[in-house]
Amino acid sequence: MRTLVVVIDRAGDVPRKTGLATPIAGWEAIQSLVVDLGIADPEDSTVNCLLEGLNVTRSLRDENEEAIVAVVSGDTDGVVGADQAIAREVDELIERYDPDAAIVVIDSTEDERLLPIVESRLQVDSVDRVVVRQARDLESTYYLLKQFLADEELRTTVLVPIGIVLLVFPAILMLSSLAVAIGSIAAVIGLFLLYKGLSVDDHLSDLSTQAREAMYSGRVSIVTYVVAAGLALVGIFAGVLGISEHGLREIQLVTVMAFTFYSVPWVTLGALAASTGRLLDEVIQNERVRNSYLNLPFGVLAVGLVIRGFSGYFIERAGYVDGLSIPPMQIGAATIRGFTLTPEEHLAVFVVFGVLVSLAGIRLTSYLAGEFEESGEVA
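Residues numbered from 1 in each chain as written. Predicted model: local features only at pLDDT ≥ 70, side-chain atom pairs only at ≥ 80, totals over all residues. Heavy atoms only, no water.

## Some details on the overall build of the chain
Now for step 1: Looking only at helices and strands, the chain features 14 helices and nine strands.
Now for step 2: Nonlocal contacts in the chain, meaning residues at least 24 apart in sequence, comprise 64% of its contacts between residues at least 6 apart.
Now for step 3: Summing over all exposed atoms, the chain offers an accessible surface of approximately 22,900 Å²; the carbon and sulfur share of this is 62%. (Helix = DSSP H or I, 4+ residues; strand = E, 2+ residues; numbered from the N terminus. Contact = heavy atoms within 4.5 Å. Areas by Shrake-Rupley, 256 points an atom, 1.4 Å probe, with all protein chains shown as cover.)

Take a look at the structure:
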């Protein structure tokens, strides 16, 4: 197995300081290069990188492996030109020595970014990063800070919030106590972390784009979505009023069920409005309707009935609302006596109606699909 130990010099120090053209390969040639470059600039870290390349090559040869050490350099101005020059030199080394694998020796994060160039042409078995021992902590910290400050997204998501906290914290501290200041800052940081962690910014950006496109295209769904949001707010308000009438203050299971019982009809109407608008958009734009859009309103109504039934069961058992009463009725010669449904019977009625509505939607969708399949109106 033949291994190419390649030293990457992206900055072009080798040709600029020694006047030699790269690529330079071979044990004796690299030894001579170390002396020439060390004399030209004893403080250059590329000298240590070349020595590490020789060290790796000797270790491979001690294990009876064939190894060739070489150096490639970006000897042109500009980042793109330097990278292209290194790519050409790597191709030249592969054509000259036909290696089976490569070991890359680098001395900075800038050189490490060229790994894909080597990996796209040759199997890379190892990456050896050389850091001068006397400045290991300093250089590592320097490169990390440099890479961090070069990333615009990291700067805006980390440095900006920290700066705002440092500005706001003294103001809050002067107006209130230390506990209030720490609690406020912690709450804001928590909201920001949730905002970024759940990608709320991406969702809001997509939502605004979709709303703008819907307004420009004249979709019916934009109006029905607004109606749905209004009905959902009405449902929330109705739920709050409902639990207030019964004197429920603490958050318990009965309180949650009461809120759901009074708000679910309005929320269901809102969902029906939104699904109907989406259905109309599908008809207007595509001149056909998919089965899922036809079945959606029935599914929404069925879910609303079932949730209403279960929430009503809980608050009826708690004694906050009366059971469903059927008054006496006279239908022709038949007389129906009045009766009151128990909570279990009331729940069963809503569940049965929900299942029937769902089945009716499935049946209607299948019927329409069979009727209009040839005309293409229903997909």
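Picking up after the structure, the text goes on.
## Focus on the nonpolar core
Now for step 1: By size, the foremost hydrophobic cluster in this structure holds 21 residues, and its most contacted members are Ile30, Leu33, Leu50 and Val71.
Now for step 2: Here the element with the most residues in this core is helix H3 (residues 45–62); it accounts for six residues. (Core = buried A, V, L, I, M, F, W, Y, C linked by side-chain atoms within 4.5 Å. Buried < 20%, exposed > 50% of the residue type's maximum accessible area, 1.4 Å probe, protein only.)

## Some words on the sheet that holds strand S2 (residues 24–25)
Within a sheet, neighbouring strands are paired by backbone hydrogen bonds and run either parallel or antiparallel to one another.
Now for step 1: Pairing is mixed in the open sheet, where five strands are placed in the order S2-S3-S1-S4-S5. Either end of the sheet is taken by a strand with one partner, and the two such strands are S2 and strand S5 (124–129).
Now for step 2: With five bridges connecting them, strand S1 (residues 2–9) and strand S4 (residues 101–106) associate as parallel partners. Residue pairing across strands places Leu4 opposite Ala102, the latter belonging to S4.
Now for step 3: Contacting S1, S2 and strand S3 (66–73), helix H4 (residues 79–97) crosses the sheet at an angle of about 155° to S3. (Pairing = 2+ DSSP bridges. Axes fitted to C-alpha atoms, helices over the stretch in contact; angles between N-to-C directions.)

## Some remarks on the packing of aromatic side chains
Now for step 1: Under the counting rule described, the total for this entry stands at two aromatic pairs.
Now for step 2: The interplanar angle of 75° and the centroid separation of 5.7 Å between the aromatic rings of Tyr313 and Phe314 together place this pair among those described as edge-to-face.
Now for step 3: In this structure, Arg308 packs its charged tip against the face of Phe261, placed 3.7 Å from the ring centre. (Phe/Tyr/Trp six-rings, centres within 6.5 Å; stacked < 30°, edge-to-face > 60°. Lys NZ or Arg CZ within 6 Å of the ring centre and 35° of its normal.)

## Some points on a nonpolar patch on the surface
Now for step 1: A grouping of Val349, Val352, Phe353, Val355, Leu356, Leu359 and Ile362 is seen on the molecular surface, where their side chains present a nonpolar patch of about 610 Å² in accessible area.
Now for step 2: Note on placement: Val349 falls in helix H14 (residues 343–372).
Now for step 3: For Val349, a relative accessible area of 31% gives the class partly exposed. (Patch = residues over 30% accessible without salt bridge, like charges linked within 9 Å, V, L, I, M, F, W, Y side chains within 5 Å. Salt bridge = Lys/Arg side-chain N within 4 Å of Asp/Glu carboxyl O.)

## Describing the UniProt feature "transmembrane region" (unreviewed entry) in the chain
Now for step 1: UniProt's entry tags residues 164–195, 222–241, 253–274, 294–315 and 347–369 with the feature "transmembrane region" (unreviewed entry), counted in the numbering of this structure.
Now for step 2: Secondary structure within residues 164–195 divides into 94% helix and 0% strand; the distance between the first and last C-alpha atoms comes to 16 Å.
Now for step 3: Along residues 294–315, the helical share is 100% and the strand share 0%, with 34 Å between the first and last C-alpha atoms. (UniProt positions renumbered as here; feature names shortened; annotations may be inferred.)

## Side note on helix H9 (residues 178–197)
Now for step 1: Taking 1.5 Å per residue as the helical rise, H9 with its 20 residues ought to reach 28 Å, and the 28 Å between its terminal C-alpha atoms agrees with that figure.
Now for step 2: Directly beyond the C-terminal end of H9, a positive phi value near 55° is found at Ser199. (Expected span 1.5 Å × (residues − 1).)

## Concerning the side chain of Ser311
Now for step 1: Within the secondary structure, Ser311 is located in helix H13 (residues 291–317).
Now for step 2: A polar side-chain atom of Ser311 sits 3.1 Å from the main-chain carbonyl oxygen of Arg308. (Polar contact = N/O pair within 3.5 Å; in protein donor to acceptor, adjacent residues only side chain to side chain.)

## Concerning helix H2 (residues 27–40)
Now for step 1: Taking 1.5 Å of rise per residue, the 14 residues of H2 would be expected to cover 20 Å, and the 20 Å separating its terminal C-alpha atoms lies within 8% of that figure.
Now for step 2: All of the buried residues along H2 are Trp27, Ile30, Leu33, Val34, Leu37 and Gly38. Looking straight down H2, one finds its buried side chains confined to an arc of 125°; they lie on one side. Turned more than 90 degrees from where H2 packs its buried face, Glu28 and Ile39 sit exposed. (Arc of directions from axis to C-beta.)

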